[in-house]
Amino acid sequence: MASAFELRRRNQLIIAAAVVAVMIALPLGIKDVYIQNILVLTVMYAALSQSWNILSGYCGQISLGHALYFGIGAYASTLLFVKFGIIPWFGMAAGGIFAAAIALIVGWPCFRLGGHYFTIATIVLAEIGLILFLNWSYAGEASGLQIPVSGDSWTTFTFLRSKLPYYYFALGLAAVVWLVTYFIEDSKWGYYWRAVRENTLAAQSLGVQVFRSKMAAAAVSAFFTAIGGSFYAQFVSYIDPDSVMVFQFSLLMALPAVIGGIGTLWGPAVGAAILIPLTELTRSYMGGGGKGFDLIFYGAVIMIIALARPEGLLSLVTRTRPAPP
Amino acid sequence: MLEVQSLTTAYEGLVAISDISLSVGASEIVAVVGANGAGKSTLLKTIAGMERPASGRILFEGADIAGAPTHRVNMLGIALVPEGRRLFPRLAVRDNLRLGSYLHRRKSDREAPLEMVFNLFPRLAERLDQRAETLSGGEQQMLSIGRALMTRPRLLMLDEPSQGIMPKLVDEILDSVRTIREAGTTVLIVEQRLAETLEIADRAYVLQTGRVVMSGPAKEIAGNADVRRAYLGI
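Residues numbered from 1 in each chain as written. Chains lettered and ligands numbered in written order. Predicted model: local features only at pLDDT ≥ 70, side-chain atom pairs only at ≥ 80, totals over all residues. Heavy atoms only, no water.

J.: Lay out the packing of helix H11 (residues 247-260) of chain A against helix H12 (residues 267-286) of chain A in plain terms, naming residues and giving numbers.
T.: All names here are of chain A. In the contact formed by H11 and H12, the axes pass within 6 Å of each other and the chain directions differ by 110°. As the angle between them shows, H11 and H12 are arranged roughly perpendicular. Across from Leu252, Leu255, Pro256, Ala257, Ile259 and Gly260 in H11, the residues of H12 making contact are Gly267, Pro268, Val270, Gly271, Ala272, Leu275 and Ile276. Residue classes in the contact of H11 with H12 are distributed as 10 nonpolar, 3 polar and no charged. (Axes fitted to C-alpha atoms, helices over the stretch in contact; angles between N-to-C directions. Helix = DSSP H or I, 4+ residues; strand = E, 2+ residues; numbered from the N terminus. Parallel < 35°, antiparallel > 145°, perpendicular 65-115°, else oblique. Contact = heavy atoms within 4.5 Å. Nonpolar A, V, L, I, M, F, W, Y, C, P; charged D, E, K, R; others polar.)

Printed below as a string of structure tokens:
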């Protein structure tokens, strides 16, 4: 409509290009595997949280069960690879599509629930998923699945010597999800989602099909979350239910967005850049004795953000105009 | 244009409006007045498809839309400015307006009503980047009306637009309703403010506990002492 608005949009793209350029160069000087590992996880959680943000941030349907889609992605590509020899690239796509389908099936009853009831339902469903995989013998039950790693190969997406290929894939995924969010933000669906979040009744009075909007957001969100899950499986090359489907993942997808700014374009990336290195550093610092400490840490983070900056850290820099006199 | 025939709507068995019949002709301003709880909002919501009628027909340009979902009613050209404005508080004024326009596929259709909205409410044009929640009550009502106009309705329904607005702005908003009609949009307005509303309306219906108890030209209703005393408690 107005050019100031379009200018702001274009600036976002320029900033994104600059950030990606910096992130491409960032690991080149780093030989330390431990730090490379942190970089991979940080970028991966930026992508995951960005995916979560589509459903929970933009559409306002707070999910604390995204570990389900993450796990589905991880298991889909791994099962197809281990049992049928299908390369993970196809497995990834299959996992994404399958997770999106599951999200629609889950959404059918759950989107009739409002607010907290929806959130609780997502937690319960993810736990059911966890239990199912713990008892599914074909998928290795609790002992999980090992991805055979024969050497460095882009075809099977396995790398032994360096973590950089994983890093660049995760960075690419984060960039793609960011771009998808960027374009959706200024599209009909983006406006519909925010309308549903802000005021469901008002949205309805404008002809927004609330249920369909939620379903669309859930499908897109689950799709990219599952791609992240497939990636993670390849990255760690061994998965079991406890390492890909536990509640911790649901939290780690939600928290970066909450810290940076929920329902914003940059919130998940900013939040991940702060939270993930902190988490990893405290984890290694506390060692085995710190089990459970990360949960205390997350709790503290949530409280500080809720009290000091309910709209996330980004609200420190994005100016909102004062109310008229 | 709109023909409501013996419409009844009930909430969990409790009848909110009962056997209501009314008609709105093209380019008319028709007012529905009545005390709090008379069923005015329910009537509009039922027409808009946000409540399901228990019985009766709602004919819009000949087609029965009773029970049709809101988005379909919208598509046919009916827009509701809901009670209490119901804006998207944290979205910018621009985004609120834009949300009204997505009913139309073509971009040119979406942007066409903008000029009219800005002419009607120049304040909105000045506040495009502001969040809706930072607007004053009157400006929020203007935005709510503007947002409904972005759908390019042929019938605009307003639910208590004067609610919670300072008197000076009430006149401004009611004046804008006149302008909207002059631009060719039919108006069905629900209000508690009797005098001001009947001044701009052509015809009026008086609602009491879910029933139409009187109808006629607005001037006659305004001059009728019984209406003022018995039904509106003034």
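J.: Which residues make up the sheet that holds strand E9 (residues 203-208) of chain B, and what values go with them?
T.: Pairing between the strands of a sheet is mediated by backbone hydrogen bonds and can be parallel or antiparallel. Residues and elements named next belong to chain B. What the 6 strands build is an open sheet, ordered E6-E7-E8-E3-E9-E10; its pairing is mixed. Of all strands in the sheet, those bounded by a partner on one side alone are strand E6 (78-81) and strand E10 (211-217). Across the sheet, the axes of successive neighbouring strands diverge by a mean angle of 15°, strand direction being ignored. Where strand E3 (residues 29-34) and strand E8 (residues 186-191) come together, 5 bridges link them in parallel fashion. Across the sheet, residue Val32 finds its bridge partner in E8, namely Val190. Sheet strands touched by helix H1 (residues 40-48): E3, E6, strand E7 (155-159), E8 and E9. Its angle to E7, the strand with the most contacts, is close to 145°. (Pairing = 2+ DSSP bridges.)

J.: Describe in detail the environment of Leu143(B), supporting the description with residues and values.
T.: Residue and element names in this part refer to chain B. Relative to the helices and strands, Leu143 resides in helix H6 (residues 137-149). By relative accessible area, Leu143 is classed as buried at 0%. Note: C-alpha distance between Leu143 and Val81 (62 residues apart in sequence) is 9.8 Å. Setting aside anything within four residues of it in sequence, one finds Leu143 in contact with Leu87, Val93, Asn96, Leu97, Leu124, Ala132 and Leu135. (Buried < 20%, exposed > 50% of the residue type's maximum accessible area, 1.4 Å probe, protein only.)

J.: So, the interface of chain A and chain B: which residues are in play, and what are the values?
T.: Counting residues at the interface gives 28 residues for chain A, matched by 28 residues for chain B. Taken together, the links from chain A to chain B amount to 4 salt bridges. Counting across the interface, chain A meets chain B through 8 residue pairs in polar contact (both at pLDDT 80 or more). Put simply, the parts of the chain that give the side of chain A that touches chain B at least two residues each are helix H1 (3-25), helix H7 (188-198) and helix H8 (200-205) of chain A. Ranked by residue count, the leading element in the side of chain A that touches chain B is H7(A), at 7 residues. In the side of chain A that touches chain B, the residues fall into 13 nonpolar, 7 polar and 8 charged. (Salt bridge = Lys/Arg side-chain N within 4 Å of Asp/Glu carboxyl O. Polar contact = N/O pair within 3.5 Å; in protein donor to acceptor, adjacent residues only side chain to side chain.)

J.: Mind laying out unusual backbone geometry, listing which residues take part and the relevant values?
T.: Here the phi dihedral of Phe157(A) falls at roughly 50°; this positive angle occurs in a residue that is not glycine. The class of Phe157(A) is buried, set by a relative accessible area of 0%. Of note in this structure, Glu160(B) is not a glycine but carries a positive phi near 50°. Relative to the elements of secondary structure, Glu160(B) occurs in the loop between E7 and helix H7 (167-182).

J.: Can you tell me about the pairing of strand E4 (residues 55-60) of chain B, naming the residues and giving the values?
T.: Residues and elements named next belong to chain B. By the bridge criterion, 5 bridges tie strand E1 (residues 2-11) to E4 in an arrangement that is antiparallel. Across the sheet, residue Leu2 finds its bridge partner in E4, namely Phe60. Bridge count between E4 and strand E5 (residues 63-64): 2 bridges; the pairing is antiparallel. Each residue of the ladder has a partner; that of Leu59, found in E5, is Asp64.

J.: If you had to explain the sheet that holds E5(B) to someone new, which residues and values would you point to?
T.: Residue and element names in this part refer to chain B. The antiparallel open sheet is built from 4 strands, whose spatial order is E2-E1-E4-E5. Either end of the sheet is taken by a strand with one partner, and the two such strands are strand E2 (14-24) and E5. Helix-sheet contacts for H1 involve E1, E2 and E4, and the interaxial angle to E1 is about 110°.

J.: Residue-level account of the packing of helix H2 (residues 33-58) of chain A against H11(A), with values.
T.: Residue and element names in this part refer to chain A. Between H2 and H11, whose axes approach to 8 Å, the crossing angle comes to 80°. As far as their axial angle goes, H11 and H2 are roughly perpendicular. Contact residues: H2 offers Tyr45, Leu48, Ser49, Trp52 and Asn53, while H11 offers Phe249, Leu252, Met253, Ala254, Pro256, Ala257 and Val258. Its residues assigned to classes, the contact of H2 with H11 comprises 10 nonpolar, 2 polar and no charged.

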